[in-house]
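Understanding the architecture of this molecule
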Amino acid sequence: MKVVDGLNYRQWQKRNSTRFKQLSKKQQKQVRSLGYRNVGWQKVQASWDILESYTQSISNPPNLFDRKLQKGDVLGALDYSILEAENAQEIAEEAIASIEDQHQKVTDITRKALEKYQLL
């Protein structure tokens, strides 16, 4: 019995079927149109590659910046990146303020504890 990547034919088929069944009906139709066919050793191996590339493409869709660049909208892409940078800066400032607040609370608790109890 032939074994490839530690799996025999039936194991490859089962792995393909499991991954395929996790897709929606619409996605299954798209994968079939790409050549998914889970019968025959060569087709089973090729089908795994199809499933892998398809699921990777749907889990990592292009972001708005890339879409704007693909359409040739350089100014739109720059505006988007500036907006994202401003959002990141806002989030960072909020995080810093929260950390400083927590630091102050810990400092107050420490000061009160030191006033209440003597150092050994």
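Residues numbered from 1 in each chain as written. Predicted model: local features only at pLDDT ≥ 70, side-chain atom pairs only at ≥ 80, totals over all residues. Heavy atoms only, no water.

So, the pattern of salt bridges
Rules: Put simply, a salt bridge is a Lys or Arg side-chain nitrogen that is within 4 Å of an Asp or Glu carboxyl oxygen. Each helix corresponds to a stretch of at least 4 residues labelled H or I by DSSP, and each strand to a stretch of at least 2 residues labelled E; elements are numbered beginning at the N terminus.
One pass over the structure, following the stated rule, counts five salt bridges. One salt bridge in this structure joins Lys-68 and Asp-73, with 3.8 Å as the shortest N-O distance. Where Arg-111 meets Glu-115, a salt bridge forms, and the shortest distance between an N and an O atom there is 3.3 Å. Of this pair, Arg-111 and Glu-115 both sit in helix H5 (residues 74-116), separated by four residues, roughly a single helical turn. Bridged by salt links that share partners, the residues Asp-108, Arg-111 and Glu-115 form one connected network.

Notes on the packing of aromatic side chains
We count it as follows: Two rings from Phe, Tyr or Trp (for Trp, the six-membered ring) form a pair when their centres sit within 6.5 Å of each other. Planes less than 30 degrees apart are called stacked, planes more than 60 degrees apart edge-to-face, and all others tilted. Note on exposure labels: buried denotes an accessible area under 20% of the residue type's maximum, exposed denotes more than 50%, and partly exposed covers the range between, all computed with a 1.4 Å probe on protein chains only. Should the NZ of a Lys or the CZ of an Arg lie within 6 Å of a ring centre and within 35 degrees of the ring normal, that charge is described as sitting over the ring.
Overall, the coordinates contain three aromatic pairs when judged by the stated rule. With a centroid separation of 4.4 Å and an interplanar angle of 0 degrees, the aromatic rings of Phe-20 and Tyr-36 are classed as stacked. Placement of Phe-20 in helix H1 (residues 9-21) and of Tyr-36 in the loop between helix H2 (25-33) and helix H3 (41-59) is noted, with a sequence separation of 16 residues between them. Of the two residues, Phe-20 and Tyr-36, neither departs from the other in class, the shared state being buried. In this structure an aromatic cluster arises from ring pairing among Tyr-9, Trp-12 and Trp-41. Here the guanidinium or amino end of Arg-15 rests over the ring plane of Trp-12, the centre of that ring lying 4.6 Å away.

Looking at the packing of H1 against H3
To be explicit about the condition: Only C-alpha atoms enter the line fits that serve as axes; for helices the fit covers just the stretch in contact. Angles between N-to-C directions range over 0 to 180 degrees. Here the angle decides the label: under 35 degrees means roughly parallel, over 145 means roughly antiparallel, 65 to 115 means roughly perpendicular, and every other value means oblique. Here is the rule for handedness: rotate from the far helix to the near one, and if that takes an anticlockwise turn smaller than a right angle the crossing is left-handed, while a clockwise turn gives right-handed. By the convention used here, residues are in contact when the closest approach between their heavy atoms is within 4.5 Å. Residues are grouped as follows: Ala, Val, Leu, Ile, Met, Phe, Trp, Tyr, Cys and Pro are nonpolar; Asp, Glu, Lys and Arg are charged; all remaining types, including Gly, are polar.
Between H1 and H3, the shortest axis-to-axis distance is 10 Å and the interhelical angle comes to 30 degrees. In this view, H1 runs roughly parallel relative to H3, as classed from their interaxial angle. Crossing hand, H1 versus H3: left-handed. Here Tyr-9, Trp-12, Gln-13, Arg-15, Asn-16, Arg-19 and Phe-20 of H1 come into contact with H3, specifically with Trp-41, Val-44, Gln-45, Ser-47, Trp-48, Leu-51, Glu-52 and Thr-55. Within the contact of H1 with H3, the residues separate by chemical class into seven nonpolar, five polar and three charged.

Topic: the packing of H2 against H3
One can describe the packing of H2 onto H3 by two numbers: an axis separation of 10 Å at closest approach and a directional angle of 130 degrees. Put simply, H2 runs oblique to H3. The hand of the H2/H3 crossing is right-handed. Of the residues in H3, those in contact with Gln-27, Gln-30 and Val-31 of H2 are Ile-50, Leu-51, Tyr-54 and Ile-58. Split by residue class, the contact of H2 with H3 holds five nonpolar, two polar and no charged.

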